[in-house]
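# Structural overview for review
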Amino acid sequence: MREITFAQAINEALREEMKRDDNVYFVGEDIGQYHQGRGPCGVSTGLLAEFGEERVIETPISELEIVGSSVGTSMFGLRPVVEIMHAEFLPTCFEHIVYGGSKGGCILNAKPFPMVIRCPFGGEKQGQLIQNENVEGWFNHTPGLKVVAPSSPYHAKGLMKAAIRDDYPVLFFEHRSLYKRPGEVPEEDYVLPLCKAEIRRNGKDLSVITMGNMVRRAMEAAESLSGQGIDLEVVDLLTISPLDEETILESVEKTGRVVILHEAAKTGGIGGEIAAVIAEKGFKYLKAPVLRVAGPDVHTNFPRRKEDVIAGVQQVMNYR
Amino acid sequence: MREITFAQAINEALREEMKRDDNVYFVGEDIGQYHQGRGPCGVSTGLLAEFGEERVIETPISELEIVGSSVGTSMFGLRPVVEIMHAEFLPTCFEHIVYGGSKGGCILNAKPFPMVIRCPFGGEKQGQLIQNENVEGWFNHTPGLKVVAPSSPYHAKGLMKAAIRDDYPVLFFEHRSLYKRPGEVPEEDYVLPLCKAEIRRNGKDLSVITMGNMVRRAMEAAESLSGQGIDLEVVDLLTISPLDEETILESVEKTGRVVILHEAAKTGGIGGEIAAVIAEKGFKYLKAPVLRVAGPDVHTNFPRRKEDVIAGVQQVMNYR
Amino acid sequence: MESNQEELKEMLKLLCQSRFFQEKMLAVGMKPYTEIGEEAITIGSCLGLRKDDIMSAYFRGDASWLRIKGVVNLRDHFAWWLNRKGENGPVTCIVPNNWIDVDRGVIFTTSSLLGADGDMSCGAAMAQKIKKTGKAVLFMVGDCAPSKGNFHEVMNFASVYKLPLVIMVRANEWGMSTHVSKNCGFKDITKLAEAFGFATATIDGNDITKVRAQVEAAADHVRTGAGPFLINAITYRMAAHSPNDEDDYRSAEEKKKWAPKDPLKVITGHLLAAGVSEADIEKIKTDCRQEMDDAYEWAMKQPEITPEEILESQQSAVKKMWGRS
Amino acid sequence: MESNQEELKEMLKLLCQSRFFQEKMLAVGMKPYTEIGEEAITIGSCLGLRKDDIMSAYFRGDASWLRIKGVVNLRDHFAWWLNRKGENGPVTCIVPNNWIDVDRGVIFTTSSLLGADGDMSCGAAMAQKIKKTGKAVLFMVGDCAPSKGNFHEVMNFASVYKLPLVIMVRANEWGMSTHVSKNCGFKDITKLAEAFGFATATIDGNDITKVRAQVEAAADHVRTGAGPFLINAITYRMAAHSPNDEDDYRSAEEKKKWAPKDPLKVITGHLLAAGVSEADIEKIKTDCRQEMDDAYEWAMKQPEITPEEILESQQSAVKKMWGRS
Ligand SMILES: Cc1ncc(C[n+]2csc(CCOP(=O)(O)OP(=O)(O)O)c2C)c(N)n1
Ligand SMILES: Cc1ncc(C[n+]2csc(CCOP(=O)(O)OP(=O)(O)O)c2C)c(N)n1
Ligand SMILES: [Mg+2]
Ligand SMILES: [Mg+2]
């Protein structure tokens, strides 16, 4: 199968959905001309040329209004796809994410409020001092809001298309380290289901439940550990809120051991919700404590490395 | 001992700390004259008259600037106590809560950024449609930020005084149903420690870990259940982030059974973090699944009632 | 002249329907944020717009204009406010004002946050521009809420994209217990809007005929793509912020000064000048009061909406949003 | 005349120290947000303030003015930018610009969000007012960032409380790839500020003598409690937004037009007019370049700050904040 990058996959999803439905439009800061038309995230290529200023709307520096006005347009049947240049800027439009369509759909008898808010998050470097934070943990406490974080070009495209076609708000996190990475993506039209996790590797000894760029780390750790006779199962959440409890619990039933792995700071991160679901509904399967392998509680990113994952797995495997 | 209300307790804490330290000032919307000087939350009585407009600063409708400017004044050694009229408005000043002094202290070698942000949250009525939400779940993912939710006048006063004397940001949630409730409060100056939970009732069968107004429900349930031979321990978190893991784990060690109880929606609520800590560090003590008894995942408040707590406890007690 | 009489009578009727609705609510002990003394702005705005233009609700008032827009009938309207079941209508909207009915041109924010309504309205105007509907959007806002940053970003978007947006400022001097002069550093909001290239007008907000005429003109202006328009409608908050507000932070004189400018008195003046008899005027009022009493009585007989129903409605919505249905 | 010569020479030196610092960074492959062509605004602002006034940093530039403020010496300054250990100074600030040193009157935001810096500055000005220090605060902002709502709320607070705040707008025409005309609905930011009751001035931002004089006057104005002041300093972003920016969205002509207005050329004109010899000017420049090379070389020999050290510093801070030490 052909390979394209994660950024290209998102670009294709945008283009195809904009072609498919005139109500879809793309809006954000510097998404037209910056970086020779690739835009700040590298996903804009060709969109302005193809769809014009009416559907590729470059905005003032105004995150609050970009998202707030999109709630307004969505009421009228439009389907905004919003780019927020960095996930770190989400606090400045927080009210429209947690209220807006998320609350609107809930209190108005499931009235549609379609909207995708996509933004780069996370990073690869240890201790990089700006714009590499993981902020998804702020957003799993909003009933009705879906939060997605794809881990490959294939998932990025299929989930982005699903998000655009969905009638309710989707917050779409794109890990910065993935944009330039290639992967196989079919030529044909396809969508992937929202709110579904995927088993990326079958294993019987321990479930690593993870997301985004950390999926790669989990796979690498699995590879290394298989040599030591430890057989990891890797659960890629894809939609990080709400959780696909079924897939998570099936995996826990099978393995009885869990490591939750995310890049974000541990305290208050999405790992808490996952652990809570397991401690309540998967308790009977558990052979060992549920371990979170996550970032330290600071304001700078220190992504877990393969060795951290391996150490965590070994700790759980050695539990008596 | 004399009894005063929760609102009076906070009022006393403000007055005493403003007297004690000229750097403390009180700032917010309509905190001077509204409700005959009691202010929107009923905690302002007499402050404007005693301290004048320079230290009781009524502001424009401008939550972003109220909090943002307070980060600025705190750099210069002032100690702002900010009133946000309703916790539901916190999204509009989110950036200054999660960055501001919380990030500032972290990245600038623990430079002091004293600030208390206090606001009413929650409610008593089932299905009340506005301004009764529980939003504390947004704020336990910010390293360096302390989040406090007192459950009685005694705790409100002691913790508020501690928060004002603390050198770093404290988000202080005051449950709406508590304001008018009386309780014993010493006349003498006292402070209570931040970041410490309190055992409000000793018991041996099951730990109810809870906060704010739900402490009352837990105590009522304990009362009822004691007749049925079930002996509940009630852990009042007081500081809901970071967690006092020591007290929580000691209690779990003793009882081996846990119900986490909060008013906020279950998904993404602070119960997740609590469950995760227990599933990791208290696993060996657990005799049953960790159950969260919490609000439904909707945008309206449906506070758990005594019966809900009892049902949850029984479910855990009956686990085989 | 005849038609003028009819029009004025209709306006009186609509104003009475709003005023008496609010008075009824207060009389029976409900706690609405009233707009007593400011109804001319709301009703006049509604009348000045074309039927298919879009109007954003306002938290204050009884939302009588929703009836003009055909969103709800009088009986159901009382039922909503009473948290009872009407013949149709919402179970879980925050307050009736929060209802959104795009087909009938009615929008609002989904939260209780000042500022958010402007952002929605701005988006509504963007939608009209993108879809080339030729419709205007009217965003109604107080004179204190514009201190929020949202208002700035709304003005900026409206200006940069030349949106078909009319901003109607209800200049009633107060925001809760805070006088506008302590809330807003800008002394004249039209100057602020003009800095953004808005066309502006300052009008007597208590004269419904002036409000209607100005809204009509402003809507036609923005419709052409000439850019946004801000109307500064001078009025006064005659009642307390809410029935819970003791309202002792302003002088009796101040309030007294405004009594003669009550929009009902102003329209009555117009009617008399147009030759309508006092008896006719009185009859309109009496009928209207009767209508309110009847509708209220009907509504009070309807079953209450239970918390369980609210929960059920919201849970099934979230289920759908979360792909669990 | 003598003193004028000395002053002008000092200004040239400071401008060169900033320019050459940036050029050195670029030459060695670092990726700063430069302010090439805009240094007169930064340095002029710093000189116009009294020594104990307060200045907010700006994300753009090398923060040479921190050296004027005595926050850092040249060697350490390079070290900071290189993420190496200087003799003193921060381990974990986001960029050197984010350093906060209240005693030396240096503040900034703690995040990377445009807008937040204004709110901090507003608070700094409130602190001066509350503590009656008589100090002025200067908030430096781009010409596009004012589209954020924060700016509106800052202006409003400054106006309502008559804060000792000077806002310095760096009107360089661009924000990333967006021209200010597409970013800001207000065509003249001074009109906007005037609506809030600000005193204002529009000046040539490339002439350091004018910047300094205007800042001095503005700071004295706000110090008296007469209300805030906004200076609109006209300049041009001569370089790309950042070294990663291909900068192909604006014409070569546009850039060429501004080359003769380079602040270094403007000050050179002043120096020549004041009778300073070309040789003297050249010497200042040569010395300055040498100084940069030496300091850079020193800095490059310092040990790198490791991720572990950053982590350790932040973790111990959070421990303290969370009462765990
Ligand atoms: C973000 C936010 N802050 C504060 C409030 C509380 N509040 C409700 S109405 C009001 C006063 C509004 O004043 P104005 O805009 O003049 O409208 P008016 O009450 O005069 O109609 C305030 C402060 C709110 N609803 N939202
Ligand atoms: C809230 C926020 N939105 C967007 C950005 C990304 N950003 C950084 S600089 C910049 C352009 C700023 O333009 P201007 O204010 O004119 O300053 P200049 O670059 O011209 O100095 C943008 C959009 C940001 N840092 N913060
Ligand atoms: Mg008002
Ligand atoms: Mg600029």
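Scroll up for the structure.
All of these numbers come straight from a predicted model, not from anything done at the bench.

Definitions and limits used
Residues numbered from 1 in each chain as written. Chains lettered and ligands numbered in written order. Predicted model: local features only at pLDDT ≥ 70, side-chain atom pairs only at ≥ 80, totals over all residues. Heavy atoms only, no water. Donors = N, O, S within 2.8 Å, 3.2 Å for Na, K, Ca; no water. Buried < 20%, exposed > 50% of the residue type's maximum accessible area, 1.4 Å probe, protein only. Pairing = 2+ DSSP bridges. Helix = DSSP H or I, 4+ residues; strand = E, 2+ residues; numbered from the N terminus. Axes fitted to C-alpha atoms, helices over the stretch in contact; angles between N-to-C directions. Near = heavy atom within 4 Å. Polar contact = N/O pair within 3.5 Å; in protein donor to acceptor, adjacent residues only side chain to side chain. Areas by Shrake-Rupley, 256 points an atom, 1.4 Å probe, with all protein chains shown as cover. Nonpolar A, V, L, I, M, F, W, Y, C, P; charged D, E, K, R; others polar. Contact = heavy atoms within 4.5 Å. Buried area = accessible area lost by both parts, 1.4 Å probe. Salt bridge = Lys/Arg side-chain N within 4 Å of Asp/Glu carboxyl O. Disulfide = S-S within 2.5 Å. Phe/Tyr/Trp six-rings, centres within 6.5 Å; stacked < 30°, edge-to-face > 60°.

## What about the coordination of the magnesium ion (ligand 3)?
Residues and elements named next belong to chain C. For the magnesium ion (ligand 3), the protein coordination sphere consists of Asp143 (OD), Asn172 (OD1) and Trp174 (O), at 2.0 to 2.1 Å. With relative accessibility at 8%, the residue Asp143 sits in the buried group. Given the relative accessible area of 9%, Trp174 is considered buried.

## Structural notes on the sheet that holds strand β14 (residues 291-295) of chain B
Residue and element names in this part refer to chain B. A sheet is described by the order of its strands in space; here five strands give the open sequence β9-β11-β10-β13-β14, paired in mixed fashion. A strand with exactly one partner marks an edge of an open sheet, and here the two such strands are β9 (198-201) and β14. Taking each pair of neighbouring strands and ignoring which way they run, the sheet shows an average axis angle of 25 degrees. When β9 meets strand β11 (residues 232-236), the two strands line up antiparallel, connected through three bridges.

## A closer look at the site of ligand 2
Around ligand 2, the surrounding shell holds 21 residues, and the nearest of these are Glu63 of chain A together with Tyr58, Arg60, Asp143 and Asn172 of chain D. Taken together, the residues near ligand 2 originate from chains A and D. One of the side-chain nitrogen or oxygen atoms of Glu63 of chain A is found 2.6 Å away from a nitrogen atom of ligand 2. One of the backbone nitrogen or oxygen atoms of Leu114 of chain D is found 3.1 Å away from a nitrogen atom of ligand 2. Relative to its unbound accessible area of 590 Å², ligand 2 is 97% covered by the protein chains. Residues that form the shell around ligand 2 fall into these classes: eleven nonpolar, five polar and five charged.

## Quick word on the interface of chain A and chain D
Each partner contributes to the interface: chain A provides 29 residues, whereas chain D provides 30 residues. At the boundary of chain A with chain D, total buried surface from both sides reaches about 2600 Å², with 58% on carbon and sulfur atoms. It is Tyr34, Ile61 and Leu129 of chain A that lose the most area in chain A upon contact with chain D, and together they represent 26% of the buried surface on that side. Connecting chain A to chain D are three salt bridges. Glu53 of chain A serves as the salt-bridge partner of Lys182 of chain D, at 3.6 Å between the closest nitrogen and oxygen. At the surface where chain A touches chain D, the tally comes to ten residue pairs in polar contact (both at pLDDT 80 or more). Partitioning the side of chain A that touches chain D into residue classes produces ten nonpolar, twelve polar and seven charged.

## A short note on the sheet that holds strand β3 (residues 56-58) of chain A
All names here are of chain A. Strand order in the open sheet formed by seven strands is β3-β2-β4-β5-β7-β6-β12, with mixed pairing between adjacent strands. Whereas interior strands pair on both sides, the edge strands pair on one side only; in this sheet they are β3 and β12 (239-241). In this sheet, adjacent strand axes meet at a mean angle of 25 degrees when their direction is disregarded. Direction of pairing for strand β2 (residues 24-28) relative to β3: parallel, over a ladder of three bridges. From the neighbouring strand, Phe26 faces β3, where its bridge partner is Val56.

## Some words on the state of the cysteines
All names here are of chain C. Per the stated rule, a full pass over the model turns up zero disulfides over all chains. Lacking any disulfide linkage, Cys184 is separated from the closest cysteine sulfur, that of Cys144, by 5.2 Å. The exposure class assigned to Cys184 is buried, which follows from its relative accessible area of 1%.

## Here's the deal with the packing of aromatic side chains
Per the counting criterion, the structure on display carries 36 aromatic pairs over all chains. Taking the centre distance of 5.2 Å and the plane angle of 85 degrees together, the rings of Trp138 of chain A and Phe94 of chain B count as edge-to-face. Note that Trp138 of chain A is positioned in the loop between β5 (115-121) and β6 (146-148) and Phe94 of chain B in helix α4 (residues 94-98), a pairing that runs across two chains. Accessibility assignment for this pair places Trp138 of chain A and Phe94 of chain B in one class, buried.

## Notes on the site of ligand 1
The environment of ligand 1 is formed by 21 residues, the closest being Glu63 of chain B together with Tyr58, Arg60, Asp143 and Asn172 of chain C. Each of chains B and C places residues near ligand 1. In the model, an oxygen atom of ligand 1 is placed 2.6 Å from a nitrogen or oxygen of the Tyr58 of chain C side chain. A distance of 2.7 Å separates an oxygen atom of ligand 1 from a polar side-chain atom of Asn172 of chain C. Of the residues in the shell around ligand 1, the class split is eleven nonpolar, five polar and five charged.

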